[in-house]
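Observations on the model geometry
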Amino acid sequence: MRRIACFPAVAVTLMLAAAPALADAPKVVVSIKPIHSLVASVMQGVGEPALLVRGGASPHTYTLKPSDAKSLSTADLVVWIGPEMEGFLEKPLSSNARKAKILTLMDAQGLRLLDAREGGAWESHDHGHEHKGDAHKHEAKGHDAKHGHDDKHDHDEVNTHIWLDPANARRIVTLTAEALTAKDPANAEAYRTNADKTLGSIDALDAELKAALVPVAGKPFVVFHDAYQYFEDRYNLSAVGSITVSPDRRPSAKRLSAIRAKIAGLEAACVFAEPQFEPALIRTVAEGTKAKTGVLDPEGADLTEGPALYPTLMRNLAASLRACLGA
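Moving on: the sheet that holds strand 5 (residues 220-223). Here four strands make up an open sheet; going across it, the order is 6-5-7-8 and the pairing parallel. Whereas interior strands pair on both sides, the edge strands pair on one side only; in this sheet they are strand 6 (238-242) and strand 8 (292-295). Mean inter-strand twist for the sheet, computed between neighbouring axes without regard to direction, equals 30°. Across two bridges, the pairing between strand 5 and strand 7 (residues 270-273) is parallel. Bridging from a neighbouring strand, Phe221 pairs with Cys270 of strand 7.

A few words on the pattern of salt bridges. Once the charged atoms of two side chains with opposite charge are near each other, the side chains can pair. Under the definition given, this model contains eleven salt bridges. Among the salt bridges present, the one from Arg54 reaches Glu305, with a minimum N-O distance of 2.8 Å. Of this pair, Arg54 sits in the loop between strand 2 (50-51) and helix 3 (66-73) while Glu305 sits in the loop between strand 8 and helix 10 (309-325), placing them 251 residues apart in sequence. For Glu305, a relative accessible area of 31% translates into the label partly exposed. Through salt bridges that share partners, Arg112, Asp165, Asp206, Lys210, Asp233 and Arg234 make up one connected network.

Another aspect to go through is the environment of Lys197. In this fold, Lys197 is placed in helix 6 (residues 188-213). Lys197 gets classed as exposed once you look at its relative accessible area, which sits at 62%. Expressed as a C-alpha distance, the spacing of Lys197 and Ser41, which sit 156 residues apart in the sequence, is 8.9 Å.

The geometry of an aromatic ring pair is captured by the separation of the ring centres together with the interplanar angle, meaning the angle of the planes. Scanning the model with the defined rule gives three aromatic pairs in all. Their ring planes at 65° and their centres at 4.9 Å tell us that Tyr62 and Phe88 sit as a pair that is edge-to-face. Of this pair, Tyr62 sits in the loop between strand 2 and helix 3 while Phe88 is found in the loop between strand 3 (77-80) and helix 4 (90-95), placing the two residues 26 residues apart along the sequence. Look at Tyr62 and you get buried, because its relative accessible area is 11%. Residue Phe88 is classed as buried on the basis of its relative accessible area of 13%.

Across its 18 residues, helix 5 (residues 166-183) extends 26 Å between first and last C-alpha, which sits within 8% of the 26 Å expected from 1.5 Å per residue. Every buried residue belonging to helix 5 is among Pro166, Asn168, Ala169, Ile172, Val173, Leu175, Thr176, Ala177, Ala179 and Leu180, and all of these are buried. Where helix 5 begins, the capping side chain belongs to Asp165, and its oxygen is found 2.9 Å from the backbone nitrogen of Ala167.

On the surface, Lys27, Lys99, Lys101 and Lys183 cluster together to form a positively charged patch. You can see Lys27 is positioned in the loop between helix 1 (9-23) and strand 1 (28-30).

All right, on to the sheet that holds strand 1 then. Backbone hydrogen bonds are what pair the strands of a sheet, in a parallel or an antiparallel way. If you trace the four strands from one edge of the open sheet to the other, you get 2-1-3-4, paired in parallel fashion. Of all the strands in the sheet, the pair left with one neighbour each is strand 2 and strand 4 (101-104). Sheet analysis places strand 1 next to strand 3, joined by three bridges and oriented parallel. Following the sheet pairing, Val29 is matched in strand 3 by Val78.

The next point concerns unusual backbone geometry. If you check the backbone angles, Asn236 has positive phi at about 60° while not being a glycine. Its place among the elements puts Asn236 in the loop between helix 7 (229-235) and strand 6. With phi around 50°, Glu267 is a residue other than glycine that occupies positive phi space. Tracing the backbone shows Glu267 in the loop between helix 8 (253-266) and strand 7.

Analysis parameters
Residues numbered from 1 in each chain as written. Predicted model: local features only at pLDDT ≥ 70, side-chain atom pairs only at ≥ 80, totals over all residues. Heavy atoms only, no water. Pairing = 2+ DSSP bridges. Helix = DSSP H or I, 4+ residues; strand = E, 2+ residues; numbered from the N terminus. Axes fitted to C-alpha atoms, helices over the stretch in contact; angles between N-to-C directions. Salt bridge = Lys/Arg side-chain N within 4 Å of Asp/Glu carboxyl O. Buried < 20%, exposed > 50% of the residue type's maximum accessible area, 1.4 Å probe, protein only. Phe/Tyr/Trp six-rings, centres within 6.5 Å; stacked < 30°, edge-to-face > 60°. Expected span 1.5 Å × (residues − 1). Polar contact = N/O pair within 3.5 Å; in protein donor to acceptor, adjacent residues only side chain to side chain. Patch = residues over 30% accessible without salt bridge, like charges linked within 9 Å, V, L, I, M, F, W, Y side chains within 5 Å. Areas by Shrake-Rupley, 256 points an atom, 1.4 Å probe, with all protein chains shown as cover. Lys, Arg positive; Asp, Glu negative; His and termini not counted. Charge placed at Lys NZ, Arg CZ, Asp CG, Glu CD.

Here it is as structure tokens:
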């Protein structure tokens, strides 16, 4: 005779009482893995945010799927960098996510923004054409940790890889907790507790990375594209150029020649590829120089999504730099 499992009445009551917490959690959609990791850390125990750009896909070349459009149509909150990073999302947000609160991080208060570097081998990756001039950043003009986007600075001139500065990651966590609390006040305490715990972890991570990267400060290296400016600025690193202006555009022969000359002239110690893009280009520019090659992954292409991704991504960047630059 088949046995029918029986559960004590108390257990059934507890299960039913716990069910609405996840069912009633806000539906949150996040664009890319590093930001998703920070949002997921704030939502732990309450719900799980949906991620659009999964696996090793790049936001620079991503095409929205029907399942993504469906997620956006039911979202209560969408968190993204902005159209300069996730261009594929700009139109769907207005057409599919009509009922959602949109948290556009490039427009948020309190984030420290750095100008995209120009001149020499640092042509702006957003403009798509060459400029002359020196790299610079806004500090006195309103782009420090206390002031966000109030001077109406043109987004096209700003480096969008904002999560690679732990100070910005802290601000993203706080903004996420505030947005979730506004949408879901019943779980406000959980969001605050999670945010406080995450902020403490980010502070510890920042101190760890500062100590780890001291031996490679000032050593010149070349990156695939200019994604690491916030990380470099935070930890006194010295990237001297990028192979490509934009990761979705193949660099010209003239640019590759210029980068090779710069590697040789500055005795750059390393040239870094990225997991999503052609490693052959790295071999091309390093050929005939003394530079070693390595891999930097600014978005966690090979990492499992979730709260642990962000600290793992940052530690991996530091480890790759130390290994290739000879620390």
